[in-house]
Amino acid sequence: MALLNTLVHVYELNENLAGVVKNGQPVLLPLSHSTFNAQIEVAIDGEGNFLNSKKLEKGSDAVTIIPVTEDSASRGHGNFPHALCDKLCYLAGDYSRYTGDKKEEYYESYMDNLRDWAESEYSHPMVAAIRKYLEKGCLIQDLVREKTLELDGGRLTDTIKIHGLGQTGANVRFTVYGNDIPQVWKNRELYERYGSYYEKKGGEVSLCYLSGEIKPCTDKHPSKIRNSGDKAKLISGNDKSGFTYRGRFTAKAQAVSLGYVASQKAHNALKWLIQKQGYTRDDSTIVCFMANRDMKLPDMMRDSVNAYEGVDEFDLNSLLLNVPESGKKNDTGKIFAQQFNLAVMGYAGKIKQNDKVAVLALDAATTGRLSVVYYDEMGGTQFINALLYWQEHCKWKRFIHIAGAGGERKSLLCDASPSPRDMALAAFGTQRTMGLYGDSKLIKASVYRLLPCITKNVKIPEDMIRSAVRRSSMPQSMDEKVWYNQVLCVTCAMIRFNYEKGGKTMEHFLEENLDNRSVLFGRLLAVYDYLERRAMFEYGEDGKVKEQRTTNAKRYWNAYSSRPAKTLKTIKQNLISYEKKLKDYELKKFEEWAGEIMTHLADKGFDNRPLSEMYLPGYYLQMEYMKSELQNFKAKENEQ
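From a predicted model like this one, the values you see are computed outputs, not experimental measurements.

Cut-off values and rules
- Residues numbered from 1 in each chain as written.
- Predicted model: local features only at pLDDT ≥ 70, side-chain atom pairs only at ≥ 80, totals over all residues.
- Heavy atoms only, no water.
- Helix = DSSP H or I, 4+ residues; strand = E, 2+ residues; numbered from the N terminus.
- Contact = heavy atoms within 4.5 Å.
- Areas by Shrake-Rupley, 256 points an atom, 1.4 Å probe, with all protein chains shown as cover.
- Phe/Tyr/Trp six-rings, centres within 6.5 Å; stacked < 30°, edge-to-face > 60°.
- Buried < 20%, exposed > 50% of the residue type's maximum accessible area, 1.4 Å probe, protein only.
- Lys NZ or Arg CZ within 6 Å of the ring centre and 35° of its normal.
- Pairing = 2+ DSSP bridges.

Observations concerning the overall build of the protein chain
Then step 1. When you go through the protein chain residue by residue, the secondary structure sums to 24 helices and 21 strands.
Then step 2. Each of the three principal axes of the protein chain carries a C-alpha extent, and together these read 95 × 60 × 50 Å.
Then step 3. Sequence-distant contacts, at least 24 apart, represent 69% of the contacts inside the protein chain between residues at least 6 apart.
Then step 4. Taken as a whole, the protein chain presents about 30300 Å² of accessible surface, with 48% of it coming from carbon and sulfur.

Right, dumping it as structure tokens:
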């Protein structure tokens, strides 16, 4: 009930936004309202006279807010009409004449409900106009005349599609001219009138488990939580003959009884939050939100830079203007990092301890059931401190893509924490084209396992790191850029997080691990890999760098990680001819580095035991150190 109580509070806090359509932003649904995708729009005047109609383009504009009943909001099959906008079979009095389907009772049920609303004290001129028009029973006739619908042999059939849906199942919405806001799905006064009308009708009263009060309750809770086509429900219990209650309850109300208004508020708030700031991918939905005020939080499902895109008062684009192009030399990301960290600290200071932050993950095991796989509540300061710790300690220098001010994608080299999905793909993904892809069930399960690592700063699961290390140890199985940026660097970030959880830092990693054989073997691999790359480095006649083949270190990498001493001998033998291509000062430096590492390794286990994950950051940091040293040496040589 903690989740539902929090969602009810969110709705009440933002109730003034219910039904407000603004700049294409997600709309917080009013009570007793839902959405559907409309295919047809019918325009009438205030006297109920037909004006025109049109087919709607598929897209966000087709999503329509509609008043609903308990039964219609959760309907599957059966005669349960919505209150105003609905399918043709409910609205058209001439439906059976044009289709041959006996659906007169659908039209009659709809009209009975519409007359009841139109004759109540909560009626509205738009409702009266729609009633007058539909009582004429000529909707399909008018739509055919306007060529919005097409007949086949005098019949309305499904051979012609609208948005991929057969004509007979089209959803229809209304525009009633003569009102300040003619679109019925945008008229807030109409929302409020229907909400009051339906609330007064009430229902069977019972104990609401959420409020502890006797109120009208419901066992028919809304669907369409994740999107307008979603049929999965968070609360449901329609299995009366199976194992649902056996041994525990005799009726579903004994398991949970929820007030109608509370259910509407909780579900509508959840829909709004998911549409506004939720992460939906691989059939999973994750949303992180501020429960006590309307403040957008960083997106913990993205990398540490893109996480702040669109966050209130955090102008990422202004920071990007001062960042050099990634193609420029000597761009280490330092300028951006300094400005970005200052901006993050300024934003973090606006989140207070008494703020309430909730993190929710939903998954649908079937098309009709939605489960909560993760839920946590925490104070605002606790959340932002945990997130900043994650972003500071689970990071590695790599290229990320950021949306620039003009909408173009900008490549940026900087220290950034990977997204949870990047980590899952590094561990379990395979390359297709120029990216990583994986089984959606495995990827989303891995993402769920990483959530406590972000919110509670627990260690990343060891089995996930081992899998990522195995993928990193097979550079030949994927493109060089994909392997380096999406696998090696991401894996190093994961290793770093667990390493620094032990109270250590990466600042002096190489110096502090002179007794770690895995780190030393990783460094030695980097020496021989870079030696061969330098020896192969040459320009073609066009002045461009010639395409380089895979180095021996990359070719034997997987074997090296399992049998390092034996494989090292093979790599060294294959590099004898390449050493002659190096300049004297280069060969000297490589010999110094290899000799220094071998001195430490001789007493620490120069054998064929498999290497631990620590060899990867050892490889990477040694490579970065050598590049910097040779660049500095060359710069000094040019000055002389």
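Here's the deal with the packing of aromatic side chains
Then step 1. Tallying each qualifying case throughout the model produces 22 aromatic pairs.
Then step 2. Ring geometry for tyrosine 389 and phenylalanine 497: centres 6.0 Å apart, planes at 80°, overall edge-to-face. Residue tyrosine 389 is located in helix α12 (residues 380-393), and its partner phenylalanine 497 is located in helix α16 (residues 480-501); the two are separated by 108 residues in the primary sequence.
Then step 3. Classification of phenylalanine 497 by relative accessible area gives buried; the value is 0%.
Then step 4. Ring centres of phenylalanine 521 and tyrosine 560 lie 6.0 Å apart, and the angle between their planes is 80°; this geometry places the pair in the edge-to-face category. Here the residue phenylalanine 521 occupies a position in helix α18 (residues 517-536), and tyrosine 560 occupies one in helix α20 (residues 557-562), the gap between them amounting to 39 residues. Each member of the pair phenylalanine 521 and tyrosine 560 is classed as buried.
Then step 5. Three or more aromatic residues joined by ring pairs form one cluster here, namely Trp396, Trp483, Tyr484, Trp557, Tyr615, Tyr619 and Tyr620.
Then step 6. Against the face of tyrosine 106 rests lysine 103, its NZ or CZ located 4.9 Å from the ring centre.

Quick look at the sheet that holds strand β10 (residues 171-176)
Then step 1. Read from one edge to the other, the open sheet built from four strands follows the order β3-β2-β10-β5, with strand pairing classed as mixed. Looking at the sheet topology across the chains shown, the edges are occupied by β3 (50-55) and β5 (86-87).
Then step 2. Sheet topology places β5 next to β10; two bridges connect them, and they run antiparallel. Note on β10: the bridge partner recorded for aspartate 86 is valine 172.

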